[in-house]
Structures are given as C-alpha cells and as structure tokens.
Amino acid sequence: MNAQPNSIMNTSLNSTTPAQIMPLSIRILRVDLSIILARENCRSSASSKRHLVNGNRLRISRIFLKMKKFAGLRESKVIKRYRLPSTAILGLYSKIRQELTPKTKRSRAITGITKLLATLHFLASGTFQSTVSDVGGISQSAFSCFFKKVLDAILKHTQEYIYFPINSSENIQIKKDFYDIARFPNVIGAIDCTDINFTPSHNMDEICRNRKNFHSMNMQVVCDSKSRILNVFAVFPGGTHDSYILCHSALFERFENNEMCDGWLLGDSGYGCRPWLLTPFSKPKGRAKKNTTDLIYQLAQ
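Calculation notes
- Residues numbered from 1 in each chain as written.
- Predicted model: local features only at pLDDT ≥ 70, side-chain atom pairs only at ≥ 80, totals over all residues.
- Heavy atoms only, no water.
- Helix = DSSP H or I, 4+ residues; strand = E, 2+ residues; numbered from the N terminus.
- Areas by Shrake-Rupley, 256 points an atom, 1.4 Å probe, with all protein chains shown as cover.
- Axes fitted to C-alpha atoms, helices over the stretch in contact; angles between N-to-C directions.
- Parallel < 35°, antiparallel > 145°, perpendicular 65-115°, else oblique.
- Left-handed = near helix turned anticlockwise from the far one by under 90°.
- Contact = heavy atoms within 4.5 Å.
- Nonpolar A, V, L, I, M, F, W, Y, C, P; charged D, E, K, R; others polar.
- Buried < 20%, exposed > 50% of the residue type's maximum accessible area, 1.4 Å probe, protein only.

Chemist: I keep staring at the overall build of the protein and nothing clicks. Help me out?
Modeler: Helix and strand counts for the protein stand at 13 helices and 7 strands. Accessible surface, the protein as shown: approximately 20800 Å² in total, 57% of it carbon and sulfur.

Now the structure itself:
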C-alpha cells in the first residue's frame, strides 16, 4: 500500500514537461516580449514602406536655419554685439571677402559676412560656440569648421591696424592729444597689462592662476590717448608680473636700442622707471606731487 503512492508520484513527475514546471510569471513575460517584438517589426516595416515609393527611398527635406544679418540692427546694438561699429565691420569684410566667399555653387552656402559676424560675436562675447551659432542662424559644427579660417584671414591684416607710428607727423599728433588731456608733454603711449580669462590645460593650472584667483593670460597693451591700440604682447600666463612681461617683449628691446621715436610711455607702479617709461610716485608728498601722481595714473588706465 505504501509503494503505490510513491510510484504514482514518480510517474507524474517523469511525465511533467519543462513548460509545466516553469513558473507562471516567466511564461507570461515571454509572451509579452514576443508581442512587443512583433509590434516593433510591424512598425519598422511600415516605416520603411512609407519612405519607399516604387522601390525608391524618398528624400527627406532639410531644415535650414535663418541666417542673421546686421543690416536691420541699430548701431548701438551692433556695437554691443560685435564690439565694432558697422563701418569697421564692413571695412574689415572688404579686405577678407575673397577668403571667406564660399567656393560652392549651392544656394544655401554660408555667406562670408555671416562667417565674419559669427566670429566677431564669439570673440566679443566669450561664450560657447553653440550659443553664437544659434544667434547667427548656423549650426555649431558649421561654425567650428570656418572659425579658424576667419581668424587666419583677420590676422593677415593685423599690422594695418596695430602698429606704433613711425613718421613724425603721427607722433606729434599723439603727443598733442595726450597734452590736451591734462597738460602732460611728450607722451607717446600708455602701457598696462590686462587679464584675459580662459580655461588652461591641467599642467598649466597653477601658473595661469593670477592674483585675483582665476585663470588668465596676462596681455600687455600700449594705446594712445584715444584708446587706439598701438602694441600687443600676449604670451605669458596670468601669474606673470607686468614688469617681467615688459622686459621680455620686443617693445622693450626697441626702446632700449633707441629704435622708437622720442617720447615717454606712461605706466603704473607695477613697472620700474626707465628713460622712456614714467611711473607714479609711490608716496607723494605735497599737493603738486599728488596731482602729478593722479594725472599719470589717469593717463595709464
């Protein structure tokens, strides 16, 4: 009597299939997956049929962004966005137009003026390429492709805009303009350094950190009384002292070798006095010296 139930149990186990032993939840999951896969196959086949006509794939129309122009902008808006007046932008474009004009015959090619405006906006704003490209009505990838080309075209004309006057008539005019400001004679330029913010590589992290605790390049600039730039020297990181930069510049050698015109540069207390460089009194005494210090500091800014 005891052997009969065991034999019945063994017989039932041997006759049970794996599908019957599998839990119900797993079998339901398999069914659901098979249904999902079947639906996706139907959708893909239907999608492929929609893009095929008589066996040929349909061409999907491209979406073109509207390129921006500055013809309709107010002059104040142009200067705020590009840091240059419209006349200066058009004058610069006339010099580099041949290098920026697209070679392709496509109707939607990016025009040369659009490339220049996008580049000037990027340099003036210091923002990301994607933001500038959105404002200019172009894609970020397109802006990245022509950005260096525009810069190279502009740099070829640097000497036409940034230079120290050589002839005596220009130097006399600069001295007169400085003298008209505060009766200070024989001044041919004001010199100082400014920090240009940027993100350096990891190995340059510390030497590019300036005294204000952010990363920068310390750029030396000389300008006249009307803020026109006469000389630029941008080589050293933000942690470099102003006087060190001057001593390692070509401008320093030219003044030391008497290659520059007669006159003085005005600088702040970060520089040392030289026969061609005047700096303020560190501790002025009396009203006259204080006024002289304020004057030199004002002109050097």
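Chemist: I'm lost on the packing of helix α5 (residues 86–100) against helix α8 (residues 140–155) in this one. Help?
Modeler: To characterise two packed helices, one gives the angle between the axes of the helices and the distance between these axes. Two numbers describe how α5 lies on α8: the axes approach to 10 Å, and their chain directions differ by 130 degrees. It follows from the interaxial angle that α5 and α8 lie oblique. As for how α5 packs across α8, the hand of that crossing is right-handed. In this structure, α5 uses Leu92, Ile96, Glu99 and Leu100 to contact α8, whose residues at the interface are Lys149, Val150, Ala153 and Ile154. A breakdown of the residues in the contact of α5 with α8 according to their chemical character gives 6 nonpolar, no polar and 2 charged.

Chemist: Explanation requested: unusual backbone geometry in the structure shown.
Modeler: Peptide bonds are trans in most cases, and residues, glycine excluded, mostly fall at negative phi. With a phi close to 65 degrees, Ser227 is a non-glycine residue in the positive phi region. Position of Ser227 relative to the elements: it lies in the loop between β4 (216–223) and β5 (229–233). Unusually for a residue other than glycine, Asn258 sits at a positive phi of about 60 degrees. Within the secondary structure layout, Asn258 lies in the loop between α12 (250–256) and β6 (264–266). Residue class for Asn258 comes out exposed when judged on its relative accessible area of 69%.

Structural measurements only, silent on function.
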